[in-house]
Each structure stands twice: as structure tokens, then as C-alpha cells.
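One-letter residues, chain by chain:
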Amino acid sequence: MTHTSLDIPALLKRIPLFSELSDTDLELVGRYTRDRHIVRGEVLFQRGDQPHGFYFVVSGQVKLAFSSPQGTEKVVEIIGPMQSFGEAVMFMNKPYPVFAEALTETVLIHVGQAVVTELIDQDSTFAHKLLAGMAIRLHGLIQDVETYSLRSSIQRVIGYLLQVADSDTPCEIALPTSKQVIASRLNLTPETLSRIFHDLSESGLISVQGKRITLHDPARLARYQA
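Quick caveat: nothing in here was measured; it's all calculated off a predicted structure.

Another aspect to go through is the packing of helix α6 (residues 153-165) against helix α8 (residues 190-202). In the contact formed by α6 and α8, the axes pass within 10 Å of each other and the chain directions differ by 75°. Considering the angle they form, α6 stands roughly perpendicular to α8. Together, S153, I154, V157, I158 and L161 of α6 and T192, L193, I196, F197 and L200 of α8 make up the contact between the two elements. For the contact of α6 with α8, the class distribution of residues is eight nonpolar, two polar and no charged.

What the domain assignment reports for the chain is domain 1 (8-144) and domain 2 (151-223). Placing the centre of domain 1 and that of domain 2 at their C-alpha centroids yields a distance of 29 Å. Contact residues are listed per partner, giving nine residues for domain 1 and six residues for domain 2. Of all residues in domain 1, the largest losses of buried area upon contact with domain 2 belong to K74, V75 and I78, amounting jointly to 49% of the total for that side. Remark: the boundary between domain 1 and domain 2 carries zero salt bridges. One can count five residue pairs in polar contact (both at pLDDT 80 or more) joining domain 1 with domain 2.

What follows covers the packing of aromatic side chains. Using the criterion set out here, one finds six aromatic pairs in the structure. Look at F18 and F126: their rings are 6.0 Å apart centre to centre, the planes differ by 5°, and that puts the pair in the stacked class. A residue pair is termed long-range when its members are at least 10 positions apart, and F18 in the loop between α1 (8-13) and α2 (23-31) and F126 in helix α5 (residues 124-150) qualify at 108 residues. Owing to a relative accessible area of 0%, F18 belongs among the buried residues under this scheme.

Attention now goes to the sheet that holds strand β7 (residues 99-102). On the basis of which strands lie adjacent, the open sheet formed by four strands has the order β2-β7-β4-β5 and antiparallel pairing. The open sheet has two edge strands with one neighbour each: β2 (43-45) and β5 (73-79). Taking each pair of neighbouring strands and ignoring which way they run, the sheet shows an average axis angle of 30°. Note: strand β4 (residues 62-67) against β5, six bridges, orientation antiparallel. Following the sheet pairing, K63 is matched in β5 by I78.

Following the UniProt record, one finds the feature "domain: HTH crp-type" (unreviewed entry) at residues 151-219. The span residues 151-219 is 51% helical and 17% strand by assignment, and the distance between its end C-alpha atoms comes to 18 Å.

Rules used in this analysis
Residues numbered from 1 in each chain as written. Predicted model: local features only at pLDDT ≥ 70, side-chain atom pairs only at ≥ 80, totals over all residues. Heavy atoms only, no water. Axes fitted to C-alpha atoms, helices over the stretch in contact; angles between N-to-C directions. Helix = DSSP H or I, 4+ residues; strand = E, 2+ residues; numbered from the N terminus. Parallel < 35°, antiparallel > 145°, perpendicular 65-115°, else oblique. Contact = heavy atoms within 4.5 Å. Nonpolar A, V, L, I, M, F, W, Y, C, P; charged D, E, K, R; others polar. Domains from an automatic or database assignment. Buried area = accessible area lost by both parts, 1.4 Å probe. Salt bridge = Lys/Arg side-chain N within 4 Å of Asp/Glu carboxyl O. Polar contact = N/O pair within 3.5 Å; in protein donor to acceptor, adjacent residues only side chain to side chain. Phe/Tyr/Trp six-rings, centres within 6.5 Å; stacked < 30°, edge-to-face > 60°. Buried < 20%, exposed > 50% of the residue type's maximum accessible area, 1.4 Å probe, protein only. Pairing = 2+ DSSP bridges. UniProt positions renumbered as here; feature names shortened; annotations may be inferred.

So this is what it looks like as C-alpha cells:
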């Protein structure tokens, strides 16, 4: 892989947590920031590793997942460009509860825990922003649990397609990752996901060609009840 130098200060400004820091503070954070370039399938950290900071994805995708005692994999979250992860875990003084693996060639930056702790100590506003960001992440995870608990399998898939499409008019979308990863993220087996895609295709709501899916009528898809 060809490594290109990153503009660390410019990237740090794009992290919501650091968006209002002064240039002096950004320079401080930059001294504790390192870039990482990982290839598809490379594991960034394992479940049980001790965190020493948090990550911000510049490009690519990372899945956070864990393996069950039965050997199956459960994808907890898929992290894309301009998203961060690991902020909460670094303050718990506990190891990572999941592993992180690159789904594509991925570029990240890692911000060390020491500088975050220093900023918290010197600026209460920074601490409030950090807590707010973690609260938003927690709210999203709670919504996920609610979705898995209360929605049927087909409702989960429809909701996911509509979220990716983000359109009220007919459109074509490209699935951002493999169907196997999407199935795990939606708490489905790959076979169930394939069956639902087939049923929606038979109903004339979508067309599937590999990872490209055409939504013929998003409004009718949203109203669809199996």
C-alpha cells in the first residue's frame, strides 16, 4: 500500500470533539496523534486488548464485532469515513469488548488518551462535548437494540435500505459492504437476508444485481408489510 502523508491538524478539526479547539490545543493534540494504514482483513485490535486512545476513520471502513461461543460473528457497528470510535472504552480502564477489522483498505488516525485527559482537566467545555458525543453514540446503540427487538426481519432490511438510499424517489444504491456483514449488523443470517431480498424482488419493490440494488418505489417499500 502506498502511504501518503496526512494533514493531521486539518483532520483533527473535522472531529466534532476537537472542532472548537484553538490552534495551540490542536498542535498539542497533534503531538499525541499517529496515523495508521491498514489493509482489508487486517485487525486493528483484538477483543481483550487494552485501549490507549481512540480512532478516527479518514477513509475506508472498520467493523466492530465479537465472536460467540458457537463461533459465529456478530457485527456491532460499521464505522465509515469521518467517524470516530473507542472514546468511551478508553476511560473505563477495561479491555476492548470487541475486535476491530478493516473491511476495505483503511486510513485512520489514533489520538492518545493522555492528551484527551489533559484537555478534560483544563477545559470543562471540552469535557461536556466529550460526554455529549458518547451519549449520542449510546442513544444510537439503544435504538439498535429496540430495532432488533421490536421489528421483524423484513422491517429491519427495509429500514436499512431506506437509510442507505435516503431518497423518496426511485434510485439505485450500492451496498457499502458485503451482504454477510450487513446480515450480521441486522442480526440476521445471510440466508435470511438473501430470502428477504428475493421476496422484495418478487414483489417488484427492488431489483438486486450483486451489491447494487434498485429501489423502484421507496414510499411503497416503506409501507410494505410481509
